[in-house]
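Each chain, letter by letter, is given below.
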Amino acid sequence: MKTPNHTDLGATLEQSRSGLRDSHRRSLMRLLFSITGAALLVFSCLQVLNGYWWVAAGELVASAFLFFGVWRLQVTDFLQQWIYAYLVLLFSFFLIIMVLPEASVSAFVWVLMIPVLAYLLLGKHEGMILSLPFMLVGAFIYYRHLGDMGDAKVLIDLLNLLLCAVLMLTFMHVYEQRREESEQRLVDMAQTDALTGLANRSSFQSTLNRTIAECERSGTEFALVLMDIDHFKLVNDTLGHEAGDRVLQSIGQRLSERLRVTDSVGRLGGEEFGLIIRDVKSAVAFELVDELRQRIADRQLSYGEARIRVTASFGIAQWPEHGRSAEALFRMADRGLYTGKRAGRNCVARADGARLTPARGISAGRTG
């Protein structure tokens, strides 16, 4: 059985703070640093011509820092801190150029860039928390810059900026919220088996890898179980594929009902299912899985006038007894499943030959 390494989409989504993955945010930040650094060099020269030497010096220092950041962002482990530092300093710079005695009215348009950059790089919650205070301060500075509010033209200018700022902030917030919801739905679809609603093979593999890493740290044990419905092809051949689908859905529901919230179950393909049972010793895992086997064997499913009753075979691999990697555990559990099928099906077996059947109880020794 092949067990390729799949990207854990759920974990990736949780770790992502915005619509961009860290690799994309890193590339975007390097581009922003380059553009901002080059722009500050130009503005520094212009500020010298305007006589603002202290502003020119500050822009020159900032430009040098940004070009250093273009290189540093390739290797830093503190990407989030770099983003925050960049945005806070950039937004503060926007406010500084607004309060200059001879500030241009066009300088206030930078207020509208604040939510765009904050939401893009930080996501919905952190983006709003960072951008809102700067936008309020920018609006207040613009209000003071305009002067007499008794003039209708001045009041129109103020309302134009306020309306644009509110619309921009609202648009970015709603867009980011809808994007998060859409991305979550796509991830759910990519990780869920459409027929049973269980985790699919890729998601189950990611959960197994995560479980191994957690148990390596904690020193606890778990069992990997592979389950195969006995003679499932006969159901499809005699009653049709819709009946087979009903059986698969019923099996998935039974497995989900019995397992604890810390356990995991997934459909690996066809009539094969996988289970991860956390914090159990080998003997306890045998008992739990045999209870599942018995529940499946005792339940019958009504399909029209037919009554369908199926059994299942189980193969168990115990971590770390049978291996410390996902590949080793899958191989051993698959070997146990094969042992159980050769022993007559409707039983629980391990690769070392130990098996639990309804007739014989626990026995030892390899079969066949």
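Residues numbered from 1 in each chain as written. Predicted model: local features only at pLDDT ≥ 70, side-chain atom pairs only at ≥ 80, totals over all residues. Heavy atoms only, no water.

**Side note on the environment of Arg 25**
With respect to the secondary-structure elements, Arg 25 resides in helix H2 (residues 22-50). The class for Arg 25 is buried, based on a relative accessible area of 2%. Linking Arg 25 and Ile 83, residues 58 residues apart in sequence, is a C-alpha distance of 9.0 Å. (Helix = DSSP H or I, 4+ residues; strand = E, 2+ residues; numbered from the N terminus. Buried < 20%, exposed > 50% of the residue type's maximum accessible area, 1.4 Å probe, protein only.)

**Thoughts on helix H11 (residues 282-298)**
Taking 1.5 Å per residue, 17 residues should reach 24 Å; H11 reaches 24 Å between its end C-alpha atoms and fits that length. Among the residues of H11, Ser 282, Ala 285, Phe 286, Val 289, Asp 290, Leu 292, Arg 293, Ile 296 and Ala 297 are the ones counted as buried. Projected down its long axis, H11 shows its buried positions confined to an angular sector of 155°, all on one face. Looking at H11, the residues exposed on the side facing more than 90 degrees away from the buried face are Ala 283, Glu 287 and Asp 298. (Expected span 1.5 Å × (residues − 1). Arc of directions from axis to C-beta.)

**So, empty space enclosed by the protein**
With the rule as written, the count across this model stands at one cavity of 30 Å³ or more. As a volume, the largest cavity reaches approximately 40 Å³. Lining the largest cavity we find Val 247, Ser 250, Arg 254, Arg 299, Leu 301, Ile 308, Arg 309 and Val 310. Here the lining of the largest cavity gets three residues from one element, more than from any other, and that element is helix H10 (residues 241-258). By residue class, the composition of the lining of the largest cavity is four nonpolar, one polar and three charged. (1 Å grid on protein atoms, 1.4 Å probe; cavity = no way out; pocket = protein on both sides within 12 Å on 5 of 7 lines; lining within 4 Å. Points joined across faces, edges and corners; volume = space filled by probe spheres on them. Nonpolar A, V, L, I, M, F, W, Y, C, P; charged D, E, K, R; others polar.)

**Brief notes about the pairing of strand E3 (residues 272-278)**
Counting buried positions over the seven residues of E3 gives seven, a clear majority of the element. Side chains Glu 272, Gly 274, Ile 276 and Arg 278 of E3 all project onto a buried face; the interleaved residues Phe 273, Leu 275 and Ile 277 project onto the opposite face, where all are buried too. With seven bridges joining them, strand E1 (residues 222-229) and E3 adopt antiparallel strand pairing. Within the sheet, the bridge partner assigned to Met 227 lies in E3 and is Phe 273. As defined by bridge partners, strand E2 (residues 264-269) adjoins E3 across five bridges and the pair is classed as antiparallel. Bridge pairing in E3 links Gly 266 to Gly 274. Between the antiparallel neighbours E2 and E3 lie two residues, among them Gly 270 with a positive phi of about 60°. (Pairing = 2+ DSSP bridges.)

**Some remarks on the pattern of salt bridges**
As enumerated under the stated definition, the model contains 12 salt bridges in all. Close ionic contact of Glu 216 with Arg 324 constitutes a salt bridge, the shortest N to O distance being 3.1 Å. One end of the pair, Glu 216, is in helix H8 (residues 201-218); the other, Arg 324, is in the loop between strand E6 (312-319) and helix H12 (326-342), and 108 residues separate them in sequence. Three or more residues joined by partner-sharing salt bridges are found here, namely Asp 228, Asp 230 and Lys 341. (Salt bridge = Lys/Arg side-chain N within 4 Å of Asp/Glu carboxyl O.)

**Some words on the layout of surface pockets**
Estimated volume of the second largest pocket: approximately 380 Å³. Of all the secondary-structure elements, those providing two or more residues to the lining of the second largest pocket are H2, helix H3 (53-72) and helix H4 (79-99). Looking at the lining of the second largest pocket residue by residue, the classes come out as 13 nonpolar, three polar and one charged.

**Considerations on the nonpolar core**
Met 29, Phe 33, Ile 83, Tyr 86, Leu 87, Phe 91 and Met 98 are the most contacted members of the largest nonpolar core, which has 37 residues in total. Where this core is concerned, the elements lending two or more residues are H2, H3, H4, helix H5 (113-122), helix H6 (124-146) and helix H7 (152-191). Of the residues forming this core, the biggest block, 10 residues, is contributed by H4. Residue contacts for Leu 87: discarding those within four places in its chain leaves Leu 117, Ala 118, Leu 121, Leu 122 and Leu 130. Among the nonpolar cores identified, the runner-up in size contains 30 residues, and Val 225, Ile 251, Val 265 and Val 348 belong to it. (Core = buried A, V, L, I, M, F, W, Y, C linked by side-chain atoms within 4.5 Å. Contact = heavy atoms within 4.5 Å.)

**Quick look at the side chain of His 322**
The residue His 322 is located in the loop between E6 and H12 in this model. The class for His 322 is buried, based on a relative accessible area of 11%. Not counting residues up to four positions away in its chain, the partners in contact with His 322 are Ile 316, Ala 317, Ala 328, Leu 329, Met 332, Arg 350 and Asp 352.

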